[in-house]
Amino acid sequence: NTYEWAMRSFFGRLNLGWDDRYLLEVNLRADGSSRFNKNNRWGYFPSFSGAWRLSEEAFMEDTRSWLDNLKLKASYGAVGNDNLGTYYAYQGLYATGMNNYRDPGVMVSRLSNKDLKWETNLQFNVGLDFAVFNKLSGSVEWFSRKSKDLLFTLPMAPSTGMSGIDRNIGDVKNQGVEFSLNYAAISNKDFKWTIDLNGTSYKNR
């Protein structure tokens, strides 16, 4: 037996920063997978992120004695998934060895689906990073993640002679809030002790 599978990917990245206050990053990724028909082989997945360091602005000068960092951030992006557990997801396949005594036999072992395409995960985040008194730092973030065109095997009735067919089925959405806190309780040249706390609350549909 020989099994072959291939992926080809290209990506580009652009980073922009100005005066250590305004930060922007743009990414574009293109993935081609042999698991999909040539009409759906390529998926294109962009992402964008930006941040604004408010603590570096002139109007925040009065806070610099106690405010070490204050940054707003946001990001949006997409990634793809082609993993169905088979190298030949869209192709119709046949199995040999289904013989009738001396007569050789061949049977359909996989139904074709040329409409299969990339599963896509879309994620949006917006949050705030902070640090005060050179002791306490942390972040608070709201996120929303949606997975669409999920790749699954759709079960079929046994009377069809097939157990299932691969399809893009359903969507999943998660959204919620997460936070993290870090407190430098003791920090000197001989001993350091930090206390960390984090938590997440989310809903799934």
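Please refer to the structure higher up on the page.
Because the structure is predicted, anything quoted here is derived from the model rather than measured.

Quick notes on the overall build of the chain
Okay, step 1: Looking only at helices and strands, the chain features 0 helices and 12 strands.
Okay, step 2: The helix and strand sequence of the chain, counted from the amino end, reads β-β-β-β-β-β-β-β-β-β-β-β.
Okay, step 3: Relative to the 2.2 N^0.38 estimate, which gives 17 Å for 205 residues, the radius of gyration of the chain is 26 Å and therefore markedly larger than a compact globule would have.
Okay, step 4: Taking the principal axes of its C-alpha atoms as reference, the chain extends roughly 90 × 35 × 35 Å.
Okay, step 5: Long-range contacts, defined as pairs at least 24 residues apart, comprise 56% of the intrachain contacts of the chain with a sequence gap of at least 6.
Okay, step 6: Distance between charge centres in the chain, computed from 25 positive and 22 negative side chains, equals 8 Å.

A closer look at the sheet that holds strand S8 (residues 136–148)
Okay, step 1: The antiparallel open sheet is built from 8 strands, whose spatial order is S1-S2-S3-S4-S7-S8-S11-S12. The sheet is open, and its two edges are formed by strand S1 (7–18) and strand S12 (192–204), each paired on a single side. Looking at each pair of strands side by side, their axes are set apart by 10° on average, direction ignored.

Considerations on the packing of aromatic side chains
Working definition: an aromatic ring pair is given by the centre-to-centre distance plus the angle between the planes.
Okay, step 1: Within the structure shown, the criterion is met by 8 aromatic pairs.
Okay, step 2: Ring geometry for Tyr87 and Tyr88: centres 6.3 Å apart, planes at 75°, overall edge-to-face.
Okay, step 3: By the ring-pair criterion, three or more aromatic residues cluster together here, those being Trp5, Tyr87 and Tyr88.

Observations concerning the environment of Trp42
Okay, step 1: Assignment of secondary structure puts Trp42 in strand S3 (residues 42–53).
Okay, step 2: Spatially, the C-alpha atom of Trp42 lies 8.1 Å from that of Trp118, the residues being 76 residues apart in sequence.

Cut-off values and rules
Residues numbered from 1 in each chain as written. Predicted model: local features only at pLDDT ≥ 70, side-chain atom pairs only at ≥ 80, totals over all residues. Heavy atoms only, no water. Helix = DSSP H or I, 4+ residues; strand = E, 2+ residues; numbered from the N terminus. Rg over C-alpha atoms; globule rule 2.2 N^0.38 Å. Contact = heavy atoms within 4.5 Å. Lys, Arg positive; Asp, Glu negative; His and termini not counted. Charge placed at Lys NZ, Arg CZ, Asp CG, Glu CD. Pairing = 2+ DSSP bridges. Axes fitted to C-alpha atoms, helices over the stretch in contact; angles between N-to-C directions. Phe/Tyr/Trp six-rings, centres within 6.5 Å; stacked < 30°, edge-to-face > 60°.

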